[in-house]
Amino acid sequence: MAALNISRLVLRSSKLRASPSHLFSAQLLMQMQSSPFTRKACSFICLFTFASFSFTDIPTSHCMSVDAHTVASQLNSSGLLRTQGLIGGKWTDAYDCKTIKVYNPATGESILDVACMGGRETNDAISAAYDAYRSWSKTTAAERSKLLRKWYDLLMVHKEELAQLITLEQGKPLKESIGEINYGAGFIEFAAEEAKRIYGDIIPAPLSDRRLFVLKQPVGVVGAITPWNFPLAMITRKVGPALACGCTVVIKPSELTPLTALAAAELSIQAGIPAGVVNVVMGNAPDIGDALIASPQVRKITFTGSTAVGKKLMAGSAETVKKVSLELGGNAPCIVFDDADLDVAVKGTLAAKFRNSGQTCVCANRIIVQEGIYEKFAHALRDAVQNMKVGDGFGEGVAQGPLINEAAVKKVETLIHDATSKGAKIILGGKRHSLGFTFYEPTVISDVNSEMRISREEAFGPVAPLLRFKTEEDAIRIANDTNAGLGSYVFTNSIQRSWRVAEALEYGLVGINEGVISTEVAPFGGYKQSGLGREGSKYGMDEYLEIKYVCLGNMNKE
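Read on for a plain summary of the structure. Here the structure is a predicted model, which is why all the values come from computation and not from measurement.

1. Overview of the pairing of strand β19 (residues 509-512)
Every second residue of β19 is oriented toward a common face, the buried set being Leu 509 and Gly 511 and the non-buried set Val 510 and Ile 512. Pairing of strand β18 (residues 487-491) with β19 involves four bridges; the strand directions are parallel. Opposite Tyr 489, over in β19, you have Gly 511 as the bridge partner. A crossover connection joins β18 to the parallel β19 through helix α16 (residues 495-504); in handedness this β-α-β unit is right-handed.

What follows is the structure in structure tokens.
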């Protein structure tokens with residue numbers, strides 16, 4: 001079969017509701033589901049267009065809280081609040097007029113509806129990208145660099161609005177959202193600079209009448225499938241280098257957080273990036289995924305998400321032998337040695353574990369502490385976590401927002417229940433927050449061992465499990481005892497030990513005495529079942545290039 005139903009797994013923990021093209025629902029849909037589903041096709045034509053819609057037409061109480069309404073109104077005024085897909089430079093409704101709701105995870109309320117697209121729209125987006133590739137791939141590196149730089153500048157000019165949009169649809173604290181804009185825009189800036197440094201090579205020939213050259217050329221149309229936890233950065237980390245190399249893209253953002261992707265696409269248009277170079281489709285995940293996988297015009301798939309989905313993408317891409325890069329799940333160890341600086345270790349662990357409410361692929365999933373410092377570290381970490389303020393991301397001083405949906409909360413509850421039933425002890429938190437909805441108390445649990453599910457599975461929530469170890473060899477063995485190999489962290493004051501452990505860890509990223517290590521100038525990617533390829537840095541550029549060898553013969557002829 002040419003295409004597998006890849007996307008059936010992509011959002012298996014999201015809620016996908018399709019409805020006729022009412023731009024907002026008059027009812028508040030509070031129940032969160034763990035499996036995607038769609039309503040039956042609409043039986044009447046669209047009555048409105050997204051472009052003409054104004055938030056002031058809808059009573060606040062029907063859709064969202066006053067704060068969310070105010071933010072959304074401001075975003076609408078800025079022109080960044082888009083609800084249609086982008087195909088060939090045109091903002092487009094779903095062909096069958098279906099829409100899906102986007103929710104504010106802090107309140108469970110509907111923000112607005114966006115187009116629910118499928119296979120037909122995706123195929124048209126692929127065709128648009130394919131047509132645009134013919135001219136875009138022939139533009140000079142300098143020209144591509146200038147346009148990417150303009151896009152970066154616009155992202156930074158609109159940093160505040162974009163950050164508000166991320167907090168509105170994803171839930172992370174506004175301070176973290178601003179950090180994501182800086183981080184995400186950095187990939188566009190870096191790509192703009194690297195566009196002019198895609199060098200080939202000259203190889204000394206073994207025969208005197210030959211000259212040997214290596215050229216690097218763009219791979220072609222790229223299908224980029226991105227998750228909800230970093231709605232901007234996971235897109236720019238892929239699209240920036242793709243465009244810099246001369247590729248065109250079809251972006252499929254998560255249905256949970258499409259608004260940031262659409263805003264970024266709008267700014268790419270304002271930057272002057274030609275029509276068809278950047279396309280965005282969202283909606284029916286199975287149909288979109290199948291279209292991207294089946295099309296021979298799509299020459300590369302780049303994906304950030306779960307390992308299970310990554311494996312399906314690899315299998316589907318084999319039919320047309322696409323180039324694939326995958327940034328998949330993690331099970332990050334955070335090793336704290338007896339000789340670590342306690343304050344540095346606690347601060348670093350706090351950042352590595354609780355950033356984005358624990359919803360990142362490099363979050364510390366197992367905190368492995370040497371027995372000589374275990375009790376002291378556990379108490380210090382508990383005290384630090386206890387001081388974290390939980391609330392709506394727009395609130396003053398909030399350090400942790402909600403989880404993305406009900407399914408995420410249930411997963412955390414299941415893992416904690418399994419751990420406590422096998423002897424683990426909750427020393428802080430361990431239950432839903434009094435704020436309700438999908439808020440969960442920042443949690444620390446002790447006496448965890450490697451047989452518990454929380455040590456084997458990615459929690460993706462604000463839970464810090466503490467494991468004990470005796471020797472350096474024990475720590476390395478426990479850390480490497482997993483199929484994942486993405487992020488890892490080590491806290492020690494010994495330079496010699498830091499080198500030994502870093503070399504022994506089977507992970508693509510190692511942070512030593514630091515909990516936040518990702519940057520656009522360094523390669524990001526994993527070992528083992530955490531993925532293939534690298535994103536960011538000069539190494540990430542190669543993922544979007546083909547290498548061509550050229551031999552000039554008969555060069556001795558006069």
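Picking up after the structure, the text goes on.
2. With respect to the nonpolar core
Side chains that are nonpolar tend, in soluble globular proteins, to be buried together. Judged by nonpolar contacts, the single largest core of 82 residues is most densely connected at Trp 151 and Leu 243. Beyond its immediate sequence surroundings of up to four residues, Trp 151 is in contact with Ile 188, Val 239, Leu 243, Ala 264, Leu 267, Ser 268, Ala 271 and Ile 273. Membership of the second largest hydrophobic core comes to 31 residues, among which are Tyr 440, Ile 454, Ile 476 and Val 490.

3. Some words on the packing of aromatic side chains
What characterises a pair of aromatic rings is the spacing of the ring centres plus the angle enclosed by the ring planes. Inspection of the entire model under this criterion finds three aromatic pairs. Taken together, a centroid distance of 5.0 Å and an interplanar angle of 75° make the contact between Tyr 183 and Phe 187 edge-to-face. Of this pair, Tyr 183 and Phe 187 both sit in helix α6 (residues 174-194), four residues apart, which is roughly one turn of that helix. Residue classification places Phe 187 among the buried residues on the basis of a relative accessible area of 4%. Aromatic side chains Phe 337 and Phe 469 sit 5.4 Å apart centroid to centroid with 85° between the ring planes, which places their arrangement in the edge-to-face category. Highlighted residues: Phe 337 in the loop between β13 (332-336) and α11 (342-354) and Phe 469 in strand β17 (residues 463-469), separated in sequence by 132 residues. Arg 237 extends its terminal NZ or CZ atom over the ring of Phe 524, reaching a point 4.1 Å from the ring centre.

Cut-offs applied
- Residues numbered from 1 in each chain as written.
- Predicted model: local features only at pLDDT ≥ 70, side-chain atom pairs only at ≥ 80, totals over all residues.
- Heavy atoms only, no water.
- Buried < 20%, exposed > 50% of the residue type's maximum accessible area, 1.4 Å probe, protein only.
- Helix = DSSP H or I, 4+ residues; strand = E, 2+ residues; numbered from the N terminus.
- Pairing = 2+ DSSP bridges.
- Right-handed = clockwise from strand over helix to strand, strands pointing away.
- Core = buried A, V, L, I, M, F, W, Y, C linked by side-chain atoms within 4.5 Å.
- Contact = heavy atoms within 4.5 Å.
- Phe/Tyr/Trp six-rings, centres within 6.5 Å; stacked < 30°, edge-to-face > 60°.
- Lys NZ or Arg CZ within 6 Å of the ring centre and 35° of its normal.

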